[in-house]
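Here are the chains, one letter per residue:
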Amino acid sequence: MNASIARLKCLTGCGIAIVIVATMTGCQSRLLREPGLQPGFTQNSPTPAVEQPTARLTDPIRANSPEPPTDGIARVEQAHGSVPNGLSRMNDPLVSAISFTQNDPRRTVSEDGRVLSEPEASWMTGTAWQQHPDEYLLSGGDRDQPVHYDSFFRYGVETEDTFAEYVDHLGKSHALDTGAVAIYAPRFASVRTTASPSGGFSVEKLAGMKDFRFGSGIKRNVAPDTYAMADQAHGNRVRSRASGLEKRDWLAGTDGAIRLQSRTKLMNTFMDFAYAIRAEFHQRDEAQLASGIAAAHHWTRDENPVVVAKLDSANEVHAKFRLTEMVGTEPQDTEPGRLQIVKLADTKVVQPGDVVTFAIRYDNLGERELYNVRVVDNLTPRLELIEESASSDRPGDLLMQDNEEGSLVLTFQLDDPLPGKTGGLITFQCRVR
Amino acid sequence: MSNRTPIVWLIAALGAWTAAAVSTAEAQVVPPYRRHQPLDQSSPPGTAARWADLMGRASPTWMQPIRIIVDGEAEVTIYNSRPLRPLTTPSPLQLGVMVGHSYRLRVSQMPELPGAEIYPTIEVIDRLHPPAGQKHNFPIPVHIDRSDIELAMNGNLVTRVVYLEQPQIAAPFELDEATRARDVDPTTNALSEADRYGRPMLILRLGGRLPNPLGEPPAFFGTGGPISESRPGPRPQPPANPNPQPAPPGIPAVEPNPTPVNPTLPSQGPSL
């Protein structure tokens, strides 16, 4: 009986354990079947529906192929990172095991394969040219060291820099750079090296060769033309002590003679009779006067000074200024001039040899005039200015200078001040090298 | 000549110097190379590509277009995978390859060199990031010049490291056959030199080695990377109006037909 009860308890315990294990396994299997937890998908993905007409899973190899879609409808082509409708294949373990990486962002494609809208830049990764600037031809902005000035020179003008200089109505100078224009124009070159297996050694250093760096018979004499010493060395003594040695250096042969140019003889106190001549004395003369009085005891009566005292009192002056006339100009417009400048290009993609038209648009957003407006553009080495292509809707001159890098620095100088609430346009063309 | 002539010349020279001084531009120089480049052209073929793959440059979803251009008429064959399925087309050949793989080519049918064949290799180590829809318009050019072929047929090993130029230090002229390759000494690290002037994209090797008629191991024909079709697509046309920027509020639009400005040569200096 006891053996039967024990066997029953054992079976019951095993049954409970099996139920617990089966329950845990079922939960885990449900977790695995949850589409939101599959690798490569998000939890917000819609529930897969087999009956739903699904879009094809884009072939990753041909993701960027310009082949036109077959349905002829402008639509948003889905990137590979998200698979919204291809969920019917999620049950495929192969597809579920593949974790796709992001390729191109979504873009709108027309029925003939043209891209209608470019992908928006991500605030996390920046624009494409910021991530890979070596593939783009940049023009505009202020690269690297900012443009700055000292009293005469201007510094920090690197290639690609485009900026405007102007003076406001207060005479203060300003510099303002344009935005950068990014044109996709990669160019390739190569480094070539040739090795011959028959000559499997190379002589890198000649044996027995000496490098003489000192020439013979070269003598350099440095002699000052003029020796001027402003300090008087007379009586100057220098004492240096090093390691217990004492050394005295005397300047030999230097002698400074002091010659008085003028001499002022100060009279002694008893000889100052100015107060006696003026017949008046001030308070600061009291000491001298006392000394004089003390000395006067030995004087004769005829020589006794007559003491006269005088008190000076301050007067108070009251004045009233009455406004009679004011000369000035009252400005009619109060908002100071403020320049806005932007640089544009007519294309985003070029090949070597293509022509790009640049437009620099500037506007005075304020009401006052701006003076000495100049637009400076330091072309990048791969841009070659096409002659006589520069134009402006405002009168001015174009100054071209070599930028020492194979291209030019263009300076557009406007002849007239730029009035308020007006603008202008400068255009020029460059050939991409 | 009047007495005022030297003074006028002095003022003119001072004015020209002033104009040059005020608009001083910063001269750009190629910075010295301070990186450690463990690889060079003598590294075993495929090493740089394998390292690029390990560094995450390769993507299974990106086939980088390349354009193989042989000087003169020629026929180009590319071995794309194992088992061998060669693709043969006349030069130039444009196709998509995968970063991180090596490909074996065969250049043959050259009328000026009858019966000659060379088997170069291409090692793809980096990719481009063009705007959407412009992928096939910007392939990496792989030029095989006649001098390269002649050197290879004479038993030399020619290595070209094709790099993407850094625009700020690019050569200020259009590149042609004579200027698009910079020859360096065999003891110089060509990868470092290419990295100094830009970003290395692929390595082309041409040698005199021919495949054994009795058969070569599969590694001779590359690492098995796939290839894809690549054809240039339509290019965007520039708009007719070069001033797409609208005027700010309250400011009238500028005239659509601007007048040309008067160019002033730097040698003229300011007017006196």
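Residues numbered from 1 in each chain as written. Chains lettered and ligands numbered in written order. Predicted model: local features only at pLDDT ≥ 70, side-chain atom pairs only at ≥ 80, totals over all residues. Heavy atoms only, no water.

Re the side chain of Arg361(A)
Residues and elements named next belong to chain A.
- Considering the arrangement of structural elements, one finds Arg361 in strand S14 (residues 355-364).
- The exposure class of Arg361 is buried, given its relative accessible area of 2%.
- A distance of 3.0 Å separates a polar atom in the side chain of Arg361 from a polar atom in the side chain of Asp363. (Helix = DSSP H or I, 4+ residues; strand = E, 2+ residues; numbered from the N terminus. Buried < 20%, exposed > 50% of the residue type's maximum accessible area, 1.4 Å probe, protein only. Polar contact = N/O pair within 3.5 Å; in protein donor to acceptor, adjacent residues only side chain to side chain.)

Observations concerning the environment of Ser91(B)
Residue and element names in this part refer to chain B.
- Mapped onto the elements of the fold, Ser91 is located in the loop between strand S3 (86-90) and strand S4 (93-98).
- For the pair Ser91 and Arg67, spaced 24 residues apart in sequence, the C-alpha separation works out to 9.1 Å.
- Each residue touching Ser91, except ones within four places of it in the same chain, is listed here: Ile68, Ile69, Val70, Ala74 and Val76. (Contact = heavy atoms within 4.5 Å.)

Observations regarding the pattern of salt bridges
- Tallied over the full model, the rule gives 21 salt bridges over all chains.
- Here Asp145(B) and Arg160(B) are joined by a salt bridge, their closest N and O atoms 2.7 Å apart. Highlighted residues: Asp145(B) in the loop between strand S7 (140-144) and helix H3 (146-153) and Arg160(B) in strand S8 (residues 157-165), separated in sequence by 15 residues.
- One continuous salt-bridge network, built from bridges that share partners, spans Arg192(A), Asp145(B), Asp148(B), Arg160(B), Arg180(B) and Asp183(B). (Salt bridge = Lys/Arg side-chain N within 4 Å of Asp/Glu carboxyl O.)

Some remarks on the packing of aromatic side chains
- The full count for this structure, using the stated rule, is nine aromatic pairs over all chains.
- Clustering of aromatic rings is evident, with ring pairs tying together Tyr79(B), Tyr119(B), Phe220(B) and Phe221(B).
- When the ring centre of Phe358(A) is taken as origin, the NZ or CZ atom of Lys343(A), which lies over that ring, is 4.8 Å away.
- In this structure, Arg104(B) packs its charged tip against the face of Phe220(B), placed 3.8 Å from the ring centre. (Phe/Tyr/Trp six-rings, centres within 6.5 Å; stacked < 30°, edge-to-face > 60°. Lys NZ or Arg CZ within 6 Å of the ring centre and 35° of its normal.)

What about the confidence of the model for chain A?
Residue and element names in this part refer to chain A.
- Averaged over all residues, the pLDDT of chain A is 67; the fraction at 70 or higher stands at 45%.
- Every residue in residues 98-102 is under pLDDT 50, and counting partners more than four places away or in other chains gives seven contacts.
- Counting interchain partners and residues more than four positions distant, the pLDDT-below-50 stretch residues 238-242 has nine contacts. (pLDDT = per-residue confidence, 0-100.)

A short note on the sheet that holds S7(B)
Residue and element names in this part refer to chain B.
- Read from one edge to the other, the open sheet built from four strands follows the order S7-S1-S4-S11, with strand pairing classed as mixed. Looking at strand neighbours, the two that pair on one side only are S7 and strand S11 (227-229), the edges of this open sheet. Averaged over all adjacent pairs, the angle separating strand axes in this sheet is 35 degrees, with direction ignored.
- Here six bridges tie strand S1 (residues 63-70) to S4, and the two strands are oriented antiparallel to one another. Considered in S4, the bridge of Met63 is made with Met98. (Pairing = 2+ DSSP bridges. Axes fitted to C-alpha atoms, helices over the stretch in contact; angles between N-to-C directions.)

Some thoughts on the environment of Val432(A)
- With respect to the helices, strands and loops of the structure, Val432(A) is situated in strand S20 (residues 423-432).
- According to the relative accessible area criterion, Val432(A) is buried, its value standing at 0%.
- Put simply, Val432(A) and Val350(A) are 82 residues apart on the chain and 7.6 Å apart in space, counted from C-alpha to C-alpha.
- Setting aside its immediate chain neighbours within four residues, Val432(A) contacts Leu137(A), Val350(A), Gln351(A), Pro352(A), Gly353(A), Asp354(A), Val356(A), Arg382(A), Leu383(A) and Glu174(B).

A few points about the confidence of the model for chain B
Residue and element names in this part refer to chain B.
- Per-residue confidence for chain B gives a mean pLDDT of 81, with 75% of residues at or over 70.
- Predicted confidence is poor over residues 18-24, with pLDDT under 50, and the contacts of this stretch with residues over four places away or in other chains come to 14 contacts.
- Contacts for the low-pLDDT stretch residues 265-272, under 50 throughout, to residues beyond four places or in other chains number eleven contacts.
- Interface confidence for the predicted complex, given as ipTM, is 0.82, next to a pTM of 0.61.

Quick word on unusual backbone geometry
- Following Ser91(B), the chain continues into Pro92(B) via a peptide bond in cis, with omega recorded as 0 degrees.
- Residue placement: Pro92(B) occurs in the loop between S3 and S4.
- For Asp144(A), which is not a glycine, the phi torsion comes out positive at approximately 55 degrees.
- Here Asp144(A) is to be found in the loop between strand S4 (136-139) and strand S5 (148-149).
- Asp144(A) gets classed as exposed once you look at its relative accessible area, which sits at 58%.

Some remarks on the pairing of strand S7 (residues 162-167) of chain A
All names here are of chain A.
- Burial analysis of S7 places six of its six residues in the buried class, the great majority of the element.
- Residue alternation in S7 divides its side chains into two sets, Thr162, Ala164 and Tyr166 and Phe163, Glu165 and Val167, and both sets are buried.
- Bridge count for S7 against strand S15 (residues 371-378) is five bridges, and the pairing is antiparallel. Bridge pairing links Phe163 to Val376 in S15.
- Where S7 lies against strand S8 (residues 173-177), five bridges are found, and the strand directions are antiparallel. Paired with Phe163 across the two strands is Asp177, which belongs to S8.
- Linking two consecutive strands that pair antiparallel, namely S7 and S8, is a turn of five residues; a positive phi of about 85 degrees is found at Gly171 within it.

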